[in-house]
Amino acid sequence: NAGVTQTPKFQVLKTGQSMTLQCAQDMNHEYMSWYRQDPGMGLRLIHYSVGAGITDQGEVPNGYNVSRSTTEDFPLRLLSAAPSQTSVYFCASRERTGLAQETQYFGPGTRLLVL
Amino acid sequence: AQSVAQPEDQVNVAEGNPLTVKCTYSVSGNPYLFWYVQYPNRGLQFLLKYITGDNLVKGSYGFEAEFNKSQTSFHLKKPSALVSDSALYFCAVRDVAGGGNKLTFGTGTQLKVEL
């Protein structure tokens, strides 16, 4: 299994540009989520999904959109990039049921710089 | 609302000495508690979790943590630190009754183990 994969690894955007951060998992996990990591603030939840076709907002959803058309993929869209969105973005997945669900698997991250 | 506090931004330990990384939590119901580790330029990796049962939980790489309900703490410990343990450590909590599916992370503690 490849686990959780993210692309790109690094991206530079200009203010106002849009882009999609890709996330895929091959573990058949129903639950997927996006976090951003900023110095001194830990990880903050942006959006999450409990299954295909179902998404919900986390702590910091403004400026981001998500969709979940398949179990495997959970892309994160930046509609109009702002410097405040400069961060490292992590995608994570876990099973939905059973105690094994409590272990989240993280992707390697996407480092985003907005100029 | 659920929250996690990691009171120390950095912990310095000499190799071979015991280490402790502190974590306290706040939930309205019963907590599920986790420790994750992040090595430079990598995603988070699961270390251990407390769901129910024995208050002392053993995890990967010789780490353990003790759940203390009266002090609302879940400190991470290791009897003998290694230089390779140097990394960023995150505590996380899920309030099973009140928080739904969301996992809340602390701000992280940088562990530095020196020779």
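Further up the page is the structure itself.
In this report, the structure presented in the accompanying data block is examined. (Residues numbered from 1 in each chain as written. Chains lettered and ligands numbered in written order. Predicted model: local features only at pLDDT ≥ 70, side-chain atom pairs only at ≥ 80, totals over all residues. Heavy atoms only, no water.)

**Re the interface of chain A and chain B**
Then, number 1: With 23 residues of chain A at the contact, the number on the chain B side is 20 residues.
Then, number 2: Between chain A and chain B, the buried area comes to about 1700 Å², and carbon and sulfur atoms account for 53% of it.
Then, number 3: At the junction of chain A and chain B, the tally comes to zero salt bridges.
Then, number 4: Elements with a minimum of two residues in the side of chain A that touches chain B: strand S4 (31-38), strand S5 (42-51) and strand S9 (87-94) of chain A.
Then, number 5: Among the elements that take part in the side of chain A that touches chain B, S5(A) stands out by supplying five residues, more than any other. (Contact = heavy atoms within 4.5 Å. Buried area = accessible area lost by both parts, 1.4 Å probe. Salt bridge = Lys/Arg side-chain N within 4 Å of Asp/Glu carboxyl O. Helix = DSSP H or I, 4+ residues; strand = E, 2+ residues; numbered from the N terminus.)

**Here's the deal with the packing of aromatic side chains**
Then, number 1: Counted according to the given criterion, the structure contains 13 aromatic pairs over all chains.
Then, number 2: With a centroid separation of 5.4 Å and an interplanar angle of 90°, the aromatic rings of Tyr35(A) and Phe105(B) are classed as edge-to-face. Here Tyr35(A), found in strand S4, pairs with Phe105(B), found in strand S11 (residues 104-105), and the two come from separate chains.
Then, number 3: Phe105(B) sits in the buried class, given a relative accessible area of 6%.
Then, number 4: In textbook terms, an aromatic cluster arises when at least three aromatic residues are bridged by ring pairs, as seen for Tyr35(A), Phe106(A), Phe34(B), Tyr36(B), Phe46(B), Phe90(B) and Phe105(B).
Then, number 5: The ring of Phe74(A) carries the charged tip of Arg68(A) above its face, separated from the ring centre by 5.9 Å.
Then, number 6: In this arrangement the basic side chain of Arg94(A) is found over the ring face of Tyr31(A), its NZ or CZ atom lying 3.9 Å from the centre. (Phe/Tyr/Trp six-rings, centres within 6.5 Å; stacked < 30°, edge-to-face > 60°. Buried < 20%, exposed > 50% of the residue type's maximum accessible area, 1.4 Å probe, protein only. Lys NZ or Arg CZ within 6 Å of the ring centre and 35° of its normal.)

**Observations concerning the pairing of strand S6 (residues 54-57) of chain A**
Residues and elements named next belong to chain A.
Then, number 1: As judged from the three bridges shared by S5 and S6, these two strands associate in the antiparallel manner. Considered in S6, the bridge of Tyr48 is made with Asp56.
Then, number 2: Remark: two residues form the turn of the hairpin made by S5 and S6, two consecutive strands paired antiparallel; Gly53 in that turn has positive phi of roughly 85°. (Pairing = 2+ DSSP bridges.)

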